[in-house]
Amino acid sequence: MKITKICCIGAGYVGGPTMAVIAQKCPHIQVTVVDLNEDRIAKWNDPNVENIPIYEPGLSDVVAEARGRNLFFSTEVDKAIDEAEMIFISVNTPTKTYGSGKGLAADLKYIELCARQIARVAKTDKIVVEKSTLPVRTAEAIKSILHNTGNGVKYQILSNPEFLAEGTAVEDLFQPDRVLIGGETTPEGEKAIQALVDVYANWVPRERILTTNVWSSELSKLVANAYLAQRVSSINSISELCEKTGADVNEVARAIGMDSRIGPKFLKASVGFGGSCFQKDILNLVYIAKSYGLHEVANYWEQVIIMNDHQKRRFAKNIVTTLYNTVADKKIAFLGWAFKKDTNDTRESAAIYVADDLIFEQANIAVFDPKVSEKQIIDDLNYLQSRTEDENKKRVHSDSNPYNACKGAHAIAILTEWDEFKSYDWEQIYANMNKPAFIFDGRNLLDKEKLTKIGFKYQAIGS
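Residues numbered from 1 in each chain as written. Predicted model: local features only at pLDDT ≥ 70, side-chain atom pairs only at ≥ 80, totals over all residues. Heavy atoms only, no water.

Trainee: Can you break down the side chain of Arg387 residue by residue, with the values?
Mentor: With respect to the helices and strands, Arg387 occurs in the loop between helix H14 (374-384) and helix H15 (389-395). Of the polar contacts made by the side chain of Arg387, one reaches the side chain of Asp356; its length is 2.9 Å. Contacts of Arg387, omitting those with residues within four sequence positions, involve Asp356, Ile359, Phe360 and Asn392. (Helix = DSSP H or I, 4+ residues; strand = E, 2+ residues; numbered from the N terminus. Polar contact = N/O pair within 3.5 Å; in protein donor to acceptor, adjacent residues only side chain to side chain. Contact = heavy atoms within 4.5 Å.)

Below, the structure written as structure tokens:
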């Protein structure tokens, strides 16, 4: 089966970039990205391509090339579903905040709504591709909904998890380590798998395209993120030990990272991991393990989350302790709010939780992030429901100038590893701060020797 029309439901961090690259690499395929959020679609269609709703290096160039040629963004969901031969589901699957599985399981209500909409609209056979991160056996639920419509339409369900790292998403799509496609081991399933293989084969070497059964594909995504998060929590646990013993976690990480069996990636001590995937996927893995009665397995992976939460809490506590056990009405400047550099995504950012703890101690926080708005910062804090929006606005504001954000501050906290922070005039920043002036480097980003010579009291994670 040769695919000529693709529809993607969901114009977010996964659907938007993935479909833009597919459209660029496959000019013979019409790609339509649909979303009910009119504002989001309007931003994707903004004549000034720099205003698209997701910041990723290189993404605006890809969109500029393909948009209007064979890449389209629309709110006409039914029309796109009807016309497409292959439908990607790329909607949000947040951790449940209610009912059975609250705080652990993925909330699949948006996935089910998509499946029911496809079932209602489709008149011809479709290949439906899970692109959202989903728990094992979700394909079975989608299949059950689609195959019980009674309208004679036949469906094949594929799992095609994304392995993008935000900040390098376009590069990851151009040159992926692997593309994973799971489907049924039936003649029809094999044909559907091959149809998606053929799409990716337009630019991905065939040896990097892996095919499995659906369940292996779904589980592989959760396990991949769990392993990466585990490494972060592991080195962060060692960072606390280093601080107590006088060892330097950067030197320890370099030493163990040179072991070819371990490798250097994801061994950078920090204030903790964030983003939309790591915590959600580990909690999902924990929930799955518990649902099968595998409590030791669940406890093992849950500890990764516990360690990450502990790292954020102790970072905030250290700021309070170092500033003479009180930050009440003191100004703390946050450099960075996004969960990592080169993205405007703030989901589960460590900055949110550090700020929440410091606001509890009645600190005043000034935030500078080159890609995150004040509205987003307040929305993130409001989501925690620790206090009212007015209380958050009283204690937190953002500044479009990093020097203004730091002016008059008692301390600076580095929460995102934006490269530009390294090139600031730190002597000027120091001159305009309250003394003694502290820097708490939550990303081990800056030059300790340079800053201490200027006069800063500098602390990094794990040293």
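Trainee: An account of the nonpolar core is requested, with residue identities and associated values reported.
Mentor: Counting residues in hydrophobic clusters, the biggest one holds 63 residues, and the most contacted among them are Phe334, Trp337, Leu358, Ile412, Trp426 and Phe456. If one sorts the elements of this core by residue count, helix H13 (residues 350-360) sits on top with 7 residues. In this structure Leu358 touches Ala316, Ile319, Val320, Val327, Ile332, Phe334, Ala363 and Ile365, once residues within four positions along its chain are discounted. Judged by nonpolar contacts, the second largest core, of 45 residues, contains Ala11, Val49, Val129 and Val204. (Core = buried A, V, L, I, M, F, W, Y, C linked by side-chain atoms within 4.5 Å. Buried < 20%, exposed > 50% of the residue type's maximum accessible area, 1.4 Å probe, protein only.)

Trainee: So what about the pattern of salt bridges? Which residues, and what values?
Mentor: Scanning the entire structure with this criterion turns up 23 salt bridges. For Arg387, the salt bridge goes to Asp356, with nearest N and O atoms at 2.9 Å. Within this pair, whereas Arg387 is found in the loop between H14 and H15, its partner Asp356 is found in helix H13, the two being separated by 31 residues in sequence. With a relative accessible area of 17%, Arg387 lands in the buried category. What you see here is one network of salt bridges that share partners, running through Glu166, Asp345 and Arg347. (Salt bridge = Lys/Arg side-chain N within 4 Å of Asp/Glu carboxyl O.)

Trainee: How would you summarise the pairing of strand E5 (residues 126-130) if you had to cite specific residues and measurements?
Mentor: Taking burial as the measure, the 5 residues of E5 include 5 buried ones, the bulk of the element. Here E5 shows no split at all, with Lys126, Val128 and Glu130 on one side and Ile127 and Val129 on the other all buried. Here 4 bridges tie strand E4 (residues 86-89) to E5, and the two strands are oriented parallel to one another. Following the sheet pairing, Met86 is matched in E5 by Ile127. Pairing of E5 with strand E6 (residues 155-159) involves 5 bridges; the strand directions are parallel. For Val129, the partnering residue across the bridge sits in E6 and is Leu158. (Pairing = 2+ DSSP bridges.)

Trainee: Could you give an account of the packing of helix H1 (residues 15-25) against helix H3 (residues 59-66), with specific residues and numbers?
Mentor: With their axes 9 Å apart at the nearest point, H1 and H3 run at an angle of 50° to one another. Overall, the two elements H1 and H3 adopt an arrangement that is oblique. The handedness of the crossing between H1 and H3 comes out as left-handed. Between H1 and H3, the residues in contact are Pro17, Ala20, Val21, Ala23 and Gln24 and Leu59, Val62, Val63, Glu65 and Ala66, respectively. (Axes fitted to C-alpha atoms, helices over the stretch in contact; angles between N-to-C directions. Parallel < 35°, antiparallel > 145°, perpendicular 65-115°, else oblique. Left-handed = near helix turned anticlockwise from the far one by under 90°.)

Trainee: So, the environment of Phe72: which residues are in play, and what are the values?
Mentor: Within the secondary structure, Phe72 is located in strand E3 (residues 71-74). Accessibility expressed as a relative area gives 31% for Phe72, which makes it partly exposed. Phe72 sits 270 residues away from Asp342 along the chain, and the two C-alpha atoms are 25 Å apart. In contact with Phe72, not counting residues within four places along its chain, are Gln30, Val31, Thr32 and Val33.

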